[in-house]
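# Fold and geometry: a report
Listed below are the residues making up each chain.
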Amino acid sequence: MTSTLNNSQSITLHRPSKTVASVPGRWSIEAIQALLEMPFMDLLHQAQTVHREHFPAGDIELATLLSVKTGGCPENCGYCPQAAEFDTGVEASKLMAVDEVVRAAQAAKDAGATRFCMGAAWRAPKDRDVEKVAELVAAVKGLGLQTCATLGMLEPHHATQLKAAGLDYYNHNLDTAPEYYADVVSTRTYQDRLDTLASVRSAGISVCCGGIVGMGEAPVHRAGLIAQLANLNPYPESVPINSLVRVPGTPLADSDPVDPFDFVRMIAVARITMPKARVRLSAGRQQMGDAVQALCFLAGANSIFYGDKLLVTGNPDVGADIRLLSKLGLKASKTSQPGGK
Ligand code: SAM
Ligand code: DTB
Ligand code: SF4
């Protein structure tokens, strides 16, 4: 049996008598579940085939993160060490000064990063916060780096202001399926997240949007997350897939670890359903090991967070990443666009 899986066609799986129809132009949850359940080798083969149609093989984007305003967040995202409500040992700090951020961005550029993402632990920035972040964005852009920010919920006029300052990408994750969202966070709704994504799009900023695997979600919720992302019109330019970093003190600290093959499957299905997106192998690499990361690259991941720290938790150090890329014959990308443009 063949495995011709197409966004707008009836799809036939390798498993006998399992045919799933998808609505033209949209991914049904059933079609995504069917992909997630494919024989592992077939799924990886298909994902790598799709990947090579859209990106040069072996090209990995390096994006460096910096927490420009850490901790003390009024939201209660169950995974997050920066929520004020949870006792995680993270100390709250004020927004960093421009020169400090520029030093970090220059160091990231010198180490080979092409994108610099600034994170702030806000529910939503205030007018004066956006003014200050706009200065950071302009300064980082001035170094010749692609700029990204993740600041919480964004009003349309704030998005316009950040675009004018030179913001290329805004990161705002849907995190999980709508049906599971309230189990993870109760201080905002899924619709709030979608509204911010709409503001970002309208301002002409590229969207970076993904989610987390390993929060106790069921397989159908994983499919539901991918469906939400892939059915955004257009789908995000960047899709970070995070494996939960289980931080003591957070409500999700005792979640069962994710089966590494299930994580690889999520990467593969993100690649197949969003062929032109940069799929980022995001949080959780420190706990993953080289072999699983290699499988993620085979499944179509072509971006990583690069630098010794994520926002407040650890990431593989730069030397380890350079060695891993070299062992696998992968090269740091010079661009973020499909087709190497
Ligand atoms: N406050 C902003 C917001 O919530 O959009 C920006 C920062 S927030 C830390 C960015 C994203 O990091 C979250 O949406 C979540 O997907 C991811 N994240 C946070 N803590 C994580 C953890 N412990 N493990 C994996 N991903 C995490
Ligand atoms: C994303 O999807 N993952 C990054 C970034 N976007 C902002 C954050 C990961 C955070 C991991 C836990 C921490 O260090 O706070
Ligand atoms: Fe705040 Fe963002 Fe952490 Fe949620 S994920 S608690 S909004 S910093």
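Everything that follows concerns the structure shown earlier in this document.
Thresholds applied
- Residues numbered from 1 in each chain as written.
- Chains lettered and ligands numbered in written order.
- Predicted model: local features only at pLDDT ≥ 70, side-chain atom pairs only at ≥ 80, totals over all residues.
- Heavy atoms only, no water.
- Helix = DSSP H or I, 4+ residues; strand = E, 2+ residues; numbered from the N terminus.
- Rg over C-alpha atoms; globule rule 2.2 N^0.38 Å.
- Contact = heavy atoms within 4.5 Å.
- Core = buried A, V, L, I, M, F, W, Y, C linked by side-chain atoms within 4.5 Å.
- Buried < 20%, exposed > 50% of the residue type's maximum accessible area, 1.4 Å probe, protein only.
- Near = heavy atom within 4 Å.
- Polar contact = N/O pair within 3.5 Å; in protein donor to acceptor, adjacent residues only side chain to side chain.
- Areas by Shrake-Rupley, 256 points an atom, 1.4 Å probe, with all protein chains shown as cover.
- Nonpolar A, V, L, I, M, F, W, Y, C, P; charged D, E, K, R; others polar.
- Pairing = 2+ DSSP bridges.
- Right-handed = clockwise from strand over helix to strand, strands pointing away.
- Patch = residues over 30% accessible without salt bridge, like charges linked within 9 Å, V, L, I, M, F, W, Y side chains within 5 Å.
- Salt bridge = Lys/Arg side-chain N within 4 Å of Asp/Glu carboxyl O.
- Lys, Arg positive; Asp, Glu negative; His and termini not counted.
- Charge placed at Lys NZ, Arg CZ, Asp CG, Glu CD.
- Arc of directions from axis to C-beta.
- Expected span 1.5 Å × (residues − 1).

Further remarks concern the overall build of the protein chain. Within the protein chain, the secondary structure is distributed over 11 helices and 12 strands. Against the 2.2 N^0.38 benchmark of 20 Å for 341 residues, the protein chain shows a C-alpha radius of gyration of 19 Å, consistent with a compact globule. Counting only C-alpha atoms, the protein chain reaches 60 × 40 × 40 Å along its principal axes. The contacts in the protein chain between residues at least 6 apart in sequence include a share of 72% that link residues at least 24 apart.

It is worth spelling out unusual backbone geometry at this point. Going from asparagine 233 to proline 234, the amide bond is cis rather than trans, its omega being 0°. In this structure, proline 234 sits in the loop between α8 (219–230) and β9 (238–243). For aspartate 175, which is not glycine, the phi torsion reads 70° and is therefore positive. Along the polypeptide, aspartate 175 turns up in the loop between β6 (169–171) and α6 (178–181).

The next thing to look at is the nonpolar core. Counting 92 residues, the largest nonpolar core has Tyr79, Val101, Phe116, Ile241 and Phe263 as the members making the most contacts within it. Top element by residues in this core is helix α9 (residues 260–273). It accounts for eight residues. Grouped together as the second largest cluster of nonpolar side chains are 10 residues, Ala63, Val247, Ala283 and Leu310 included.

Taken together, 16 residues sit near ligand 1, with Tyr79, Thr150, Asn173, Asp175 and Val245 positioned nearest. The side chain of aspartate 175 places a nitrogen or oxygen atom 2.6 Å from an oxygen atom of ligand 1. Out of a free accessible area of 550 Å², ligand 1 has 90% covered by protein chains. Taken together, the residues of the shell around ligand 1 break down into eight nonpolar, six polar and two charged.

Now for the pairing of strand β4 (residues 115–120). Here β4 lies mainly inside the structure; six of its six residues are buried. Two strands pair when backbone bridges link them, and strand β3 (residues 59–69) and β4 are joined in this way by six bridges, in the parallel orientation. Bridge pairing in β4 links leucine 65 to cysteine 117. As for the winding sense of the linkage, the β-α-β connection from β3 through helix α3 (residues 98–110) to β4 is right-handed.

The subject of this paragraph is a positive patch on the surface. On the surface, Lys94, Lys126, Arg128 and Lys132 cluster together to form a positively charged patch. Overall, the relative accessible area of 43% leaves lysine 132 in the partly exposed class.

Glancing now at helix α11 (residues 318–328). By the burial criterion, the buried members of α11 are Asp321, Leu324 and Leu325. Each buried residue of α11 lies within a common arc of 95° when the element is viewed along its axis, so the set occupies one face. Residues of α11 that are exposed and point over 90 degrees away from its buried face: Arg323, Ser326 and Lys327. On its buried face, α11 is in contact with β3, α10 (290–298) and β11 (303–305).

Next up on the list: the pattern of salt bridges. For the coordinates displayed, the defined rule picks out 11 salt bridges. Note that glutamate 217 is salt-bridged to arginine 222, the shortest N-O span being 2.8 Å. Both residues of the pair, glutamate 217 and arginine 222, belong to the buried class. Arginine 285 is paired through a salt bridge with aspartate 321; the nearest N and O atoms lie 2.7 Å apart.

What surrounds ligand 2 is the set Leu65, Pro81, Thr150, Asn171, Asn173, Pro240, Asn242, Phe305, Leu310, Leu311, Val312 and Thr313. Contact between ligand 2 and asparagine 242: an oxygen atom at 2.8 Å from a side-chain N or O atom of the residue. Burial of ligand 2 by the protein chains amounts to 89% of its free accessible area of 410 Å².

Let us look at α3. Helix length check: α3 (13 residues) gives 18 Å between terminal C-alpha atoms against 18 Å at 1.5 Å per residue, within 8%. Within the span of α3, buried status applies to Val101, Ala105 and Ala108. Along the long axis of α3, the arc covered by the buried residues comes to 55°, so they all point the same way. Set apart from the buried face of α3 by more than 90 degrees, the exposed residues are Arg103 and Asp110. Lining the buried residues of α3 we find β3, β4 and α4 (127–141).

Turning our attention to the pairing of β9. Looking along a regular strand, one sees side chains alternate from face to face of the sheet. Summarising burial for β9: six of the six residues are buried, a large majority. On β9, burial covers both faces: Ser238, Pro240 and Asn242 on one face and Val239, Ile241 and Ser243 on the other are all buried. For strand β8 (residues 211–213) and β9, the ladder comprises three bridges, and the chain directions are parallel. Residue isoleucine 212 lies in a different strand from β9, and its bridge partner there is asparagine 242. Two elements, β9 and strand β10 (residues 278–281), share four bridges in a ladder whose sense is parallel. Counted as the bridge partner of serine 238 is arginine 278 from β10. Note on the crossover from β9 through α9 to β10: the handedness is right-handed.

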